[in-house]
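Structural features, examined
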Amino acid sequence: MPSAHRCSPVAAAWSVLCLALSPLAQAASCAKQSPAHRVALIELYTSEGCSSCPPADQWLGQLSQGFSADQVVALALHVDYWDYIGWQDPFAQPAFAERQRWLTRLARSSTVYTPEVFTGMKELRKWHTATNFAERIEKINRRPAAADIALQMRSAGDNAVDLEARFTLREGERAVQAAEAFVIIYENQLRSEIRAGENRGVNLQHERVVRFWSTALPLSKADGTALWQQTLKIPADWQLKQLGVAAFVQDAQAGEVLQAVALPGCLQPATATAS
């Protein structure tokens, strides 16, 4: 597997401590269990430096109006290879471009472009055609889940969160040799005033922007399980109320998503109390 799946550059921006989650008295918390059917993972590869990307960003942000969280998990991955034309995308990460190239190689293709959409790790060129997109989602949703995912998010105080993700391959799927899991933090309602490049003078709004992408977590060959637990310190310029967590399991050899799930943020910024 390429290094994009082993380390995300953004991880350095976090204070990350691997630890077992302890009970938190009166702490805000929320949880989500993946459904019995397969949820479609939508990956939009986009850039603020690309003039054809804003309509795709808007499309992704509106998916929740037509599809439920048990149908699609939508993520916007900003790539950095447009930065050279004059505008540096603040949400871009080299690892996302590397993943895009890896997905392209899996499809035996050599074309990497933006905006590009993958559903279940398969390219969908006609994503902008409502019927084609809906048919792809329905096809994925009809399949039974090949893995189960349980997510939990809890406040850890001082703009920190405890995250836990449990992954389990379903019976009959234990033979998958390249099953690996990822945990993602995304942020909604991000805005940028573009001052250079192809989108100069345009105010852009983004939804479901990936801010953190974990290292790959292989599922045990013995029992098909994996556990991911971390306490993450949220950077000061991130909107705590707009953060959500997502997770998925992929078969890296077959190029297939076995299950995906997303949990909207339920945490509020800490407020001062009167003495």
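A few points on the structure. (Residues numbered from 1 in each chain as written. Predicted model: local features only at pLDDT ≥ 70, side-chain atom pairs only at ≥ 80, totals over all residues. Heavy atoms only, no water.)

**Concerning the pairing of strand β15 (residues 243-251)**
Condition: Only protein chains enter the area calculation, which uses a 1.4 Å probe; residues under 20% of their type maximum are buried, those over 50% are exposed, and those in between are partly exposed. A run of H or I in DSSP becomes a helix once it reaches four residues, and a run of E becomes a strand once it reaches two; helices and strands are each numbered from the N terminus. Two strands qualify as a pair provided DSSP detects at least 2 bridges between them.
Of all 9 residues in β15, 9 are buried, a share of seventy percent or more. Burial along β15 is two-sided: L243, V245, A247, V249 and D251 and G244, A246, F248 and Q250, pointing in opposite directions, are all buried. Inspection of the sheet shows strand β9 (residues 179-187) paired to β15 by 9 bridges, in the antiparallel sense. When the bridges of β15 are listed, A179 appears paired with D251. Taken together, β15 and the strand that follows it, strand β16 (residues 256-264), pair antiparallel across an intervening segment of 4 residues, in which G255 is found at a positive phi of about 70 degrees.

**Some thoughts on helix α3 (residues 130-141)**
To keep it simple, the criterion reads: In this scheme, a helix's expected span is set at 1.5 Å multiplied by one less than its residue total. What the arc describes is the spread of directions from the helix axis to the C-beta atoms. Here, two residues are considered to be in contact whenever any of their heavy atoms come within 4.5 Å of each other.
Between its first and last C-alpha, α3 extends 16 Å over 12 residues, near the 16 Å set by a 1.5 Å rise per residue. Within the span of α3, buried status applies to F133, I137, I140 and N141. Angularly, the buried residues of α3 cover 100 degrees about the axis, an arc narrow enough to put them on a single face. For α3, exposure combined with an orientation more than 90 degrees from the buried face picks out T131, E135 and K139. Where the residues of α3 are buried, they touch β3 (40-46), α1 (54-61), β4 (72-78) and β5 (116-119).

**Some details on the packing of aromatic side chains**
So the rule is basically this: A pair of Phe, Tyr and Trp rings is counted when the ring centres sit within 6.5 Å of each other, with Trp represented by its six-membered ring. The angle between the planes then sorts it: under 30 degrees is stacked, over 60 is edge-to-face, the rest tilted.
Counted according to the given criterion, the structure contains 9 aromatic pairs. With a centroid separation of 4.8 Å and an interplanar angle of 50 degrees, the aromatic rings of W59 and W127 are classed as tilted. In this pair, W59 sits in helix α1 while W127 sits in the loop between β6 (122-123) and α3, placing the two residues 68 residues apart along the sequence. Here W59 and W127 have matching classes, each one buried. On the basis of an interplanar angle of 80 degrees and a centroid distance of 5.4 Å, the ring pair of F67 and F133 is categorised as edge-to-face. Taken together, the residues F67 in the loop between α1 and β4 and F133 in helix α3 connect sequence positions 66 residues apart. By relative accessible area, which is 2% here, F133 ends up buried. Aromatic ring contacts, followed pair by pair, group W59, F67, W127 and F133 into a single cluster.

**What about the side chain of R208?**
Just so we agree on the cut-off: Charged-residue counts in this description rest on Lys and Arg as positive and Asp and Glu as negative, His and the chain ends being excluded. By convention in these notes, a salt bridge is any Lys or Arg side-chain nitrogen within 4 Å of a carboxyl oxygen on Asp or Glu.
Counting through the fold element by element, R208 comes out in the loop between β11 (203-206) and β12 (209-213). E207 provides the closest opposite charge to the buried, unpaired R208, separated from it by 7.3 Å. Non-local contacts of R208, meaning those with residues more than four positions away in its chain, are made with L60, V73, A74, L75, A76, Y186, E187, N188 and A262.

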